[in-house]
Amino acid sequence: MINAKIPKFKSLVPLKETETNHLLWPPKVSSLPSALQHYINSDTPIHGQKIHSYILKTGYKPNTNICIKLLIVYLKSSCLFYAHQLFDEMRQPTLSAYNYMISGYVKHGFILKSFDMVRKLCLSGETPDGFTLSMILKGSTCSNAESYSLYIGKQVHAQIFKCVVEGDDVLYTALVDSYVKSGRVDYARRVFDLMLERNVVCSTSLITGYMNQGYIEDAKDVFRKTMEKDVVVFNAMIEGYSKQIENAKKAIEVYIDMQRLGFRPNISTFASIIGACSALAAFEIGQQVQGQVMKTELIEHVKIGSALIDMYSKCGLVEEARRIFNHMPEKNVFSWTSMIDGYGKNGYPNEALELFSIMQIDHVIVPNYVTFLSALSACAHSGLVAKGREIFESMERDYYMKPRMEHYACMVDLLGRSGSLNQALEFVINMTERPDSDVWAALLSSSRLHGDVELANLAAHELFKLSSGSRPGAYVALSNALADAGRWDGVSELREIMKIRGISKGTGFSWVGSDGSLKAFFAGQQT
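On a predicted model such as this, the values are computed, not experimentally measured, just so you know.

The rules we used
Residues numbered from 1 in each chain as written. Predicted model: local features only at pLDDT ≥ 70, side-chain atom pairs only at ≥ 80, totals over all residues. Heavy atoms only, no water. Core = buried A, V, L, I, M, F, W, Y, C linked by side-chain atoms within 4.5 Å. Buried < 20%, exposed > 50% of the residue type's maximum accessible area, 1.4 Å probe, protein only. Contact = heavy atoms within 4.5 Å. Axes fitted to C-alpha atoms, helices over the stretch in contact; angles between N-to-C directions. Helix = DSSP H or I, 4+ residues; strand = E, 2+ residues; numbered from the N terminus. Parallel < 35°, antiparallel > 145°, perpendicular 65-115°, else oblique. Left-handed = near helix turned anticlockwise from the far one by under 90°. Nonpolar A, V, L, I, M, F, W, Y, C, P; charged D, E, K, R; others polar. 1 Å grid on protein atoms, 1.4 Å probe; cavity = no way out; pocket = protein on both sides within 12 Å on 5 of 7 lines; lining within 4 Å. Points joined across faces, edges and corners; volume = space filled by probe spheres on them. Salt bridge = Lys/Arg side-chain N within 4 Å of Asp/Glu carboxyl O. UniProt positions renumbered as here; feature names shortened; annotations may be inferred. Phe/Tyr/Trp six-rings, centres within 6.5 Å; stacked < 30°, edge-to-face > 60°. Lys NZ or Arg CZ within 6 Å of the ring centre and 35° of its normal. Disulfide = S-S within 2.5 Å. pLDDT = per-residue confidence, 0-100.

(A) Layout of the nonpolar core. Membership of the largest hydrophobic core comes to 148 residues, with the highest contact counts inside it found for Ile207 and Ile273. The contact partners of Ile273, leaving out residues within four places of it in the chain, are Ile238, Ala251, Ile252, Tyr255 and Val289.

(B) The arrangement of the packing of helix 13 (residues 231–242) against helix 14 (residues 248–260) in detail. For the pair helix 13 and helix 14, interaxial distance at closest approach is 7 Å and the crossing angle is 160°. As summarised for this structure, helix 13 and helix 14 are arranged roughly antiparallel, according to the angle between their axes. Read as a crossing pair, helix 13 and helix 14 show a hand that is left-handed. Along the contact surface, helix 13 presents Val231, Phe234, Met237, Ile238, Tyr241 and Ser242, while helix 14 presents Ala248, Lys250, Ala251, Val254, Tyr255 and Met258. For the contact of helix 13 with helix 14, the residue count by class is 10 nonpolar, 1 polar and 1 charged.

(C) Region of the structure containing the environment of Thr208. Relative to the assigned elements, Thr208 resides in helix 11 (residues 200–212). Between the C-alpha atom of Thr208 and that of Asp177, which follows or precedes it by 31 residues, the distance is 9.7 Å.

(D) Examining the packing of helix 23 (residues 405–417) against helix 25 (residues 437–449) more closely. Relative to each other, helix 23 and helix 25 sit at 10°, their axes nearing to 8 Å. The angle between helix 23 and helix 25 places the two elements in the roughly parallel class. Contact residues: Met405, Tyr408, Ala409, Val412, Asp413, Gly416 and Arg417 in helix 23; Asp438, Val439, Ala442, Leu443, Ser446 and Leu449 in helix 25. Among the residues making up the contact of helix 23 with helix 25, the classes are represented as 8 nonpolar, 2 polar and 3 charged.

(E) Layout of the layout of surface pockets. Each pocket or cavity is described by its volume, and for the largest pocket that value is around 360 Å³. Around the largest pocket sit 15 residues that line it, and Lys61, Pro62, Cys67, Glu89 and Arg91 are the ones nearest its centre. Among the elements of the structure, helix 2 (49–58), helix 3 (64–76) and helix 4 (80–89) are those that each provide at least two residues to the lining of the largest pocket. The biggest single contributor to the lining of the largest pocket is helix 2, with 3 residues. Residues belonging to the lining of the largest pocket are distributed by class as follows: 7 nonpolar, 5 polar and 3 charged.

(F) Spotlight on the pattern of salt bridges. In this structure the tally under the stated criterion is 18 salt bridges. Residue Lys120 pairs with Asp88 through a salt bridge whose shortest N-O separation is 3.4 Å. Taken together, the residues span a long stretch of sequence, with Lys120 in helix 6 (residues 111–123) and Asp88 in helix 4 at a distance of 32 residues. For Asp88, a relative accessible area of 44% corresponds to the partly exposed category. Where Asp221 meets Arg224, a salt bridge forms, and the shortest distance between an N and an O atom there is 3.9 Å. Of the two residues, Asp221 and Arg224 are both situated in helix 12 (residues 216–225); the distance of 3 residues between them amounts to about one turn of the helix. Of the residues examined, Arg224 reaches a relative accessible area of 51% and is grouped as exposed. One salt-bridge network, held together by shared partners, links Arg189, Asp193, Asp221, Arg224 and Lys225.

(G) Summary view of the UniProt feature "repeat: PPR" (unreviewed entry) in the chain. The UniProt record marks residues 94–128, 168–202, 230–265 and 332–366 with the feature "repeat: PPR" (unreviewed entry), using the residue numbering of this structure. Between the end C-alpha atoms of residues 94–128 the distance is 11 Å, and the span holds 74% helix and 0% strand. Overall, residues 230–265 shows 69% helix and 0% strand. The separation of its end C-alpha atoms is 10 Å.

(H) Structural view of the packing of aromatic side chains. Evaluation of the coordinates by the stated rule reveals 14 aromatic pairs. Ring centres of Tyr343 and Tyr348 lie 6.1 Å apart, and the angle between their planes is 70°; this geometry places the pair in the edge-to-face category. Judged by relative accessible area, which is 38%, Tyr348 ranks as partly exposed. When the ring centre of Tyr187 is taken as origin, the NZ or CZ atom of Arg184, which lies over that ring, is 4.1 Å away. For Lys331, the ring lying beneath its charged end belongs to Phe325, and the centroid distance is 5.0 Å.

(I) Representation of the state of the cysteines within the structure. Summed over the entire model, instances satisfying the criterion amount to 0 disulfides. Take Cys410: it sits in no disulfide, and the sulfur closest to it among the cysteines is that of Cys379, at 8.2 Å.

(J) Region of the structure containing the confidence of the model for the chain. When pLDDT is averaged along the chain, the result is 83, and 79% of the positions lie at 70 or above. With pLDDT under 50 throughout, residues 8–20 is counted as low confidence; its partners more than four residues away or in other chains account for 23 contacts.

(K) Just the environment of Leu298, in detail. Mapping Leu298 onto the fold places it in the loop between helix 16 (283–294) and helix 17 (302–314). Given the relative accessible area of 18%, Leu298 is considered buried. For the pair Leu298 and Phe270, spaced 28 residues apart in sequence, the C-alpha to C-alpha distance is 9.1 Å. Setting aside residues up to four positions removed in sequence, Leu298 forms contacts with Asn266, Ile267, Phe270, Val293 and Ile304.

(L) Looking closely at the side chain of Thr132. Inspection of the secondary structure assignment puts Thr132 in helix 7 (residues 130–140). Contacts of Thr132, omitting those with residues within four sequence positions, involve Leu95, Asn99, Ile102, Val118 and Leu121.

(M) Molecular detail of unusual backbone geometry. Look at Ala281: it is not a glycine, yet its phi comes out positive at around 55°. Note that Ala281 resides in the loop between helix 15 (267–280) and helix 16. At Val364, a position not held by glycine, the phi torsion is positive, near 50°. Mapped onto the secondary structure, Val364 falls in the loop between helix 20 (349–361) and helix 21 (369–382). On the accessibility criterion, Val364 (66% relative accessible area) is exposed.

Printed below as a string of structure tokens:
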């Protein structure tokens, strides 16, 4: 949509007499501003277009105030084509007119159009204000303009630094959010620390940025310094903790704390805390959370149902997951994917593939990339090579979805597990894109499983070329393959290479359930 032509959306059709307030029609020239404002404030601003028709028919030349109100009517009616046309007809557009157009473009996803309007504003001699800059910052963080995010953020920051525009809470918050979404939380923190009054929206954005990059202590620091907390900032902490198994227990602690302080969980809170229970395999706590949700109307929401399916599946309670699935009043592709994945990972490949088929044939739901990955994984665990190949080929054939590297890696794993190592190698060689480390790792694992040392050696060396120091498991797999074949000279040589490159195998540990959560126990650890 970023480069799309602006559609007309709605046409200037004559409105029925009942669609306009008889007290406002026909309008007097002196009452035009108030009549337009009435429609701007109403739920049906499109009806205000009749006033523009009236103005055009009478030949009246509207002043700037009326033009801006007409502009707002069109923008609120999603009629960007006519808004743009009206703007071009203005003799000398004001800063407000520019700002309304920029805001309208951003709201409807025409990001490059909004940037063009900013350039036009600057060339006209007008100076952008804080609202202008906050709008282009908002535009730069949209998913279809991510490449502009850091550049735009720096440009706006420079304008504030040069005192061209006076910064306020709205602008600073937009700047922090822009830096966070471009991955520069260090820049975001500098802006945050310079703010005299740090609002909760800004704190939430920064916490999310820190959590996404694994800076847990920094996120905790911002959370502590946020004086006026709300449920959203608590959600940011809970969601951040729930993404990492070693911190998932802290998510439960924050969840309990927020309720003690009188904050009521919302749908995002419940989804995140259920996710934490999934990571910890703590189904007892998950059941308590489910009990809480059942007391609200949120229990019927598809997001909650999908989260519960995922939790029970990861806890090994597939029957309970299916019970939740069957009772969901509404299902989407994520619900189906969670259930298919749950079956596959718990050793029920036939049920997974049956559900995958029902989803497409009976319910006409289009699988997404994760759905296909779950179905391919189910085939790999059950040795269904022909079925897996059929599913893989259907991605492009039936849904025009180009397989990603993880799908290629899953196919290599499927072929390799079944013992078809030559087919697996041929599949890798014939890939349209260069295989990544996951693809070679799958081939290495299969080669080691079937004792093909030469192929394992080939896969390992290709893997080392791509990530020589980030995959210690690959060195271990190759070492084990050489050892199984009795090639101890190769094992010794490989261990020397590991020493030279500074690669060491991490200490082995197991996750053990304790007190409703998981704890890591390392090899040789005393209890």
